Amino acid sequence: MTEVLLLGSFHFMESSIDFYCEEVQNELDALVRKFLPFQPDTIAIEAADHEQIRIDESYAKFCLKDLQNRNKMKNEALGNICMYGENYPITYDNEVIQIGYRLGKMLELQKIYAIDDDTRLNMDAMDRPTPSLTEAMNALHTDMKDHEKESIVNLYQYYNGEKFSKLNHHVYIQANAIHTDDHYTGAEMVAKWYERNLKIFSNIQRLAVHSKRLFVIYGAGHLQILRELINADNNLELADVSEYLSL
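Below is a short write-up of the structure. (Residues numbered from 1 in each chain as written. Predicted model: local features only at pLDDT ≥ 70, side-chain atom pairs only at ≥ 80, totals over all residues. Heavy atoms only, no water.)

Section: the side chain of Ser-9
Consideration 1: As for its placement among the helices and strands, Ser-9 is situated in strand E1 (residues 2–9).
Consideration 2: Relative accessible area serves as the criterion here: at 3%, Ser-9 is assigned to the buried category.
Consideration 3: There is a polar contact of 2.6 Å between the side chain of Ser-9 and the side chain of Tyr-156. (Helix = DSSP H or I, 4+ residues; strand = E, 2+ residues; numbered from the N terminus. Buried < 20%, exposed > 50% of the residue type's maximum accessible area, 1.4 Å probe, protein only. Polar contact = N/O pair within 3.5 Å; in protein donor to acceptor, adjacent residues only side chain to side chain.)

Here you go:
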């Protein structure tokens, strides 16, 4: 039996938070220390699995002391990674680095594992939203905006709560209903979303074979599906992330 601690995250690069300032770095350090008692022997991150060698190189280059160097974090990168056929710098304004890499180095783990599927989702179905889809998206965005000024720990408590997951998943459920010219435009988009999550879960299952305690940090929008899949696998046990966030 492998215990899985699944942490949902917002994407740092889409946030206005100054992740390089001392105050936020202290908050991030306090957040990551909450997961030390879990003592994971494996850490998995949201990065394309075919780019594992670049993750290995960037993780080897990363040092905890760099998190005290604002200029280094702002102006340097840990390498590059290919996603959707394009190269992107591995920058420090990234939850993978600030949480996944930080936790790995604190635990002196030699490797961090990339488990994402590199498939761009066709969002054309969202161009003509139904009233129900518009309502669902507005409800999600309003709720997220209500929490955007909270502390780092409170943000993670929010994004890992049931309310966010349900609101976010409801958007996909309403998108699923979209038809255009007798074509299942919405259902095909949502099917691709499920396919991506199933591939992510397959990578989790693969890692779990050789792990007792697996820590996974992923975009919080994936939580609803990944939680359901983990709970359905008798070889896995989903840890209660709220217990760690409340430490």
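Here the narrative resumes.
A few points about the pattern of salt bridges
Consideration 1: Applying the stated criterion across every chain yields a total of 14 salt bridges.
Consideration 2: When the shortest N-O distance is used, the salt bridge between Asp-18 and Arg-70 registers 3.0 Å. Taken as a pair, Asp-18 in the loop between E1 and helix H1 (22–33) and Arg-70 in helix H3 (residues 70–75) lie far apart in primary sequence, 52 residues in all.
Consideration 3: Its relative accessible area of 32% is what places Asp-18 among the partly exposed residues.
Consideration 4: Residue classification places Arg-70 among the partly exposed residues on the basis of a relative accessible area of 33%.
Consideration 5: For the salt bridge of Asp-116 with Arg-196, the shortest nitrogen-to-oxygen distance reads 2.9 Å. Highlighted residues: Asp-116 in strand E5 (residues 113–116) and Arg-196 in helix H8 (residues 185–208), separated in sequence by 80 residues.
Consideration 6: Residue classification places Asp-116 among the buried positions, given a relative accessible area of 2%.
Consideration 7: A relative accessible area of 11% means that Arg-196 is categorised as buried.
Consideration 8: Within the structure, one salt-bridge network assembled from shared partners comprises Asp-117, Lys-192, Glu-195 and Lys-199. (Salt bridge = Lys/Arg side-chain N within 4 Å of Asp/Glu carboxyl O.)

A short note on unusual backbone geometry
Consideration 1: Although it is not a glycine, Gln-39 adopts a positive phi angle of roughly 50°.
Consideration 2: Tracing the backbone shows Gln-39 in the loop between H1 and strand E2 (42–48).

With respect to the packing of helix H2 (residues 52–61) against helix H4 (residues 95–106)
Consideration 1: One can describe the packing of H2 onto H4 by two numbers: an axis separation of 11 Å at closest approach and a directional angle of 60°. One finds that H2 runs oblique with respect to H4. Here H2 and H4 pass one another in a crossing that is right-handed. The segment H2 lies against H4, with Ile-55, Ser-58, Tyr-59 and Ala-60 engaging Tyr-101, Gly-104 and Lys-105.
Consideration 2: Looking at the contact of H2 with H4 residue by residue, the classes come out as four nonpolar, two polar and one charged. (Axes fitted to C-alpha atoms, helices over the stretch in contact; angles between N-to-C directions. Parallel < 35°, antiparallel > 145°, perpendicular 65-115°, else oblique. Left-handed = near helix turned anticlockwise from the far one by under 90°. Contact = heavy atoms within 4.5 Å. Nonpolar A, V, L, I, M, F, W, Y, C, P; charged D, E, K, R; others polar.)

A short note on the packing of aromatic side chains
What characterises a pair of aromatic rings is the spacing of the ring centres plus the angle enclosed by the ring planes.
Consideration 1: Scanning all chains against the criterion turns up 14 aromatic pairs.
Consideration 2: Measuring from ring centre to ring centre gives 5.8 Å for Phe-38 and Tyr-244, while their planes differ by 85°; the resulting arrangement is edge-to-face. With a gap of 206 residues between them, Phe-38 in the loop between H1 and E2 and Tyr-244 in helix H10 (residues 241–245) connect regions that are remote in the sequence.
Consideration 3: Among the residues examined, Tyr-244 registers a relative accessible area of 15% and is labelled buried.
Consideration 4: Seen in terms of ring centroids, Tyr-159 and Phe-164 are 4.9 Å apart; in terms of plane orientation they differ by 70°. Their pairing is edge-to-face.
Consideration 5: In this structure Tyr-159 comes out as buried when scored by relative accessible area, which is 9%.
Consideration 6: Following the ring pairs from residue to residue traces out a cluster consisting of Phe-10, Phe-12, Phe-19, Tyr-156, Tyr-158, Tyr-159 and Phe-164.
Consideration 7: Against the face of Tyr-59 rests Lys-105, its NZ or CZ located 4.4 Å from the ring centre. (Phe/Tyr/Trp six-rings, centres within 6.5 Å; stacked < 30°, edge-to-face > 60°. Lys NZ or Arg CZ within 6 Å of the ring centre and 35° of its normal.)

With respect to the sheet that holds E5
Consideration 1: The parallel open sheet is built from five strands, whose spatial order is E5-E2-E6-E1-E7. Bordering the open sheet on either side are E5 and strand E7 (236–238), each of which pairs with just one other strand. Strand-to-strand twist of the sheet, defined as the mean angle between neighbouring strand axes without regard to direction, takes the value 35°.
Consideration 2: Relative to the sheet, helix H9 (residues 223–232) contacts E1, strand E6 (213–219) and E7, its axis offset from that of E1 by approximately 175°. (Pairing = 2+ DSSP bridges.)

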